[in-house]
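Summary of the model geometry
Residue strings, one per chain:
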Amino acid sequence: MMRKKISTTIYVTPEQADKLKLLHERTKVPVAVYIREGIDLVLRHYAHLLPGQLALVDTAPRT
């Protein structure tokens, strides 16, 4: 099942655009896929700053 996507505008440097285009030419993967993957990486990296559900079981190490 394809998830609905929301259109947005981003600005990249000419160097980023060139590298993304080259990556697309070599892999045939759309640039948008790489941009979404990059967003996912940033969101995972900063997940601790985002609201979320509390764990039902305390997984913190005990001292």
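Everything that follows concerns the structure shown earlier in this document.
This text gives an overview of the structure that appears in the document. (Residues numbered from 1 in each chain as written. Predicted model: local features only at pLDDT ≥ 70, side-chain atom pairs only at ≥ 80, totals over all residues. Heavy atoms only, no water.)

1. Structural notes on the overall build of the protein
Looking only at helices and strands, the protein has two helices and zero strands in total. Out of the 63 residues in the protein, the part that is buried amounts to 3%. Accessible area for the protein stands at about 6,700 Å²; split by element, carbon and sulfur atoms hold 62% of it. (Helix = DSSP H or I, 4+ residues; strand = E, 2+ residues; numbered from the N terminus. Buried < 20%, exposed > 50% of the residue type's maximum accessible area, 1.4 Å probe, protein only. Areas by Shrake-Rupley, 256 points an atom, 1.4 Å probe, with all protein chains shown as cover.)

2. Some details on helix H1 (residues 14-27)
Across its 14 residues, H1 extends 20 Å between first and last C-alpha, which sits within 8% of the 20 Å expected from 1.5 Å per residue. Directly after H1, the chain includes lysine 28, whose backbone phi takes a positive value near 65°. (Expected span 1.5 Å × (residues − 1).)

3. Focus on the layout of surface pockets
If you add up the space inside the largest pocket, you get close to 310 Å³. What lines the largest pocket is Lys5, Ile6, Ser7, Thr8, Ile10, Ala32, Ile35, Arg36, Ile39 and Asp40. Among the residues forming the lining of the largest pocket, the class breakdown is five nonpolar, two polar and three charged. (1 Å grid on protein atoms, 1.4 Å probe; cavity = no way out; pocket = protein on both sides within 12 Å on 5 of 7 lines; lining within 4 Å. Points joined across faces, edges and corners; volume = space filled by probe spheres on them. Nonpolar A, V, L, I, M, F, W, Y, C, P; charged D, E, K, R; others polar.)

4. Section: a nonpolar patch on the surface
Together, Ile39, Leu43 and Leu50 line one region of the surface with nonpolar side chains, adding up to about 280 Å² of accessible area. Its location among the elements puts isoleucine 39 in helix H2 (residues 31-45). (Patch = residues over 30% accessible without salt bridge, like charges linked within 9 Å, V, L, I, M, F, W, Y side chains within 5 Å. Salt bridge = Lys/Arg side-chain N within 4 Å of Asp/Glu carboxyl O.)

5. Thoughts on the environment of tyrosine 34
Tracing the sequence through the fold places tyrosine 34 in helix H2. A relative accessible area of 19% places tyrosine 34 in the buried class.

6. Let's talk about unusual backbone geometry
Positive phi is not limited to glycine here, since lysine 28 has a value of about 65°. Within the fold, lysine 28 resides in the loop between H1 and H2. Take lysine 28: its relative accessible area is 61%, and that puts it in the exposed class.

7. Some details on the packing of H1 against H2
Interaxial distance between H1 and H2 falls to 9 Å at its minimum, and their mutual angle equals 115°. Taken as a pair, H1 and H2 cross one another with a handedness that is right-handed. Facing H1, whose interface residues are Leu20, Leu23, His24 and Thr27, H2 presents Val31, Tyr34 and Ile35. Looking at the contact of H1 with H2, its residues break down into five nonpolar, two polar and no charged. (Axes fitted to C-alpha atoms, helices over the stretch in contact; angles between N-to-C directions. Left-handed = near helix turned anticlockwise from the far one by under 90°. Contact = heavy atoms within 4.5 Å.)

Note that every value here comes from positions in space, so none of it alone points to a role or purpose.
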